[in-house]
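Given next are the chains, with one letter for each unit.
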Amino acid sequence: MPNKQLIEEAKAIKDAAYVPYSKFPVGAALRTKSGRIFTGCNIENAAYPVSCCAERVAIFKAISEGFTDFDEMAVAADTDRPVPPCGSCRQVMSEFFQKDMPITLTNLNGKTKIVTMQELLPFSFEPEDLK
Ligand code: THU
């Protein structure tokens, strides 16, 4: 079962999203192995490509605070299906998440899909490939 608190935090942080252009708020909540939760919302910019997705904001907040070990993430948005993370976020996730780490994707009607990192981005480019 997905962690209910994590899903609720992902939904709640959507209210902080800065989305004047897309008007599409997204929320993410990331739990560290030590039990801390980092949240993130999408933050857009007048120069559109500079915008950052909710998932990456949550991950970068955690990394910048010295946390690198994670055990679960939840992502929420007002979509028909459970919100699928974009390709850039999948690549950033794969840098830090174990292959078997569960990521809970949800919409606002309780439609939820749990995927592992491996399912979200198979055959990903990894640090080991640089050796
Ligand atoms: N977005 C996210 O924050 N996460 C996702 O998983 C999908 C897309 C954001 C990017 C942009 O601010 C808005 O949603 C519309 O694409």
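Residues numbered from 1 in each chain as written. Predicted model: local features only at pLDDT ≥ 70, side-chain atom pairs only at ≥ 80, totals over all residues. Heavy atoms only, no water.

A. A look at unusual backbone geometry. Not every positive phi belongs to a glycine, and lysine 23 is a case in point at roughly 55°. Examined against the element boundaries, lysine 23 turns out to sit in the loop between helix H1 (4-13) and strand S1 (26-32). Judged by its relative accessible area of 62%, lysine 23 falls in the exposed class. A positive phi angle, near 55°, is found at phenylalanine 123, a position not held by glycine. Tracing the backbone through its elements, the reader meets phenylalanine 123 in the segment after helix H4 (117-120). The class of phenylalanine 123 is exposed, set by a relative accessible area of 83%. (Helix = DSSP H or I, 4+ residues; strand = E, 2+ residues; numbered from the N terminus. Buried < 20%, exposed > 50% of the residue type's maximum accessible area, 1.4 Å probe, protein only.)

B. The state of the cysteines, seen in detail. With the rule as written, the count across this model stands at zero disulfides. Considering cysteine sulfurs only, cysteine 52 is the nearest to cysteine 41, which forms no disulfide, with 9.7 Å between them. On the basis of relative accessibility, which here comes to 10%, the residue cysteine 41 falls in the buried class. As a non-bridged cysteine, cysteine 89 has cysteine 53 as the owner of its nearest cysteine sulfur, 3.8 Å distant. (Disulfide = S-S within 2.5 Å.)

C. Quick peek at helix H3 (residues 87-96). Those residues of H3 that fall on the buried side of the exposure criterion are Cys89, Val92, Met93 and Ser94. Check the buried side of H3 and you find it contacts helix H2 (54-64), strand S3 (70-77), strand S4 (102-106) and H4. (Contact = heavy atoms within 4.5 Å.)

D. Geometry of the packing of aromatic side chains. One pass over the structure, following the stated rule, counts three aromatic pairs. Aromatic side chains phenylalanine 38 and phenylalanine 67 sit 5.3 Å apart centroid to centroid with 55° between the ring planes, which places their arrangement in the tilted category. Separated by 29 residues along the polypeptide, phenylalanine 38 in strand S2 (residues 37-41) and phenylalanine 67 in the loop between H2 and S3 bring together distant segments of the chain. Centre to centre, the rings of phenylalanine 70 and phenylalanine 97 are 5.8 Å apart; their planes meet at 70°, and the pair counts as edge-to-face. One end of the pair, phenylalanine 70, is in strand S3; the other, phenylalanine 97, is in the loop between H3 and S4, with 27 residues separating them in the sequence. (Phe/Tyr/Trp six-rings, centres within 6.5 Å; stacked < 30°, edge-to-face > 60°.)

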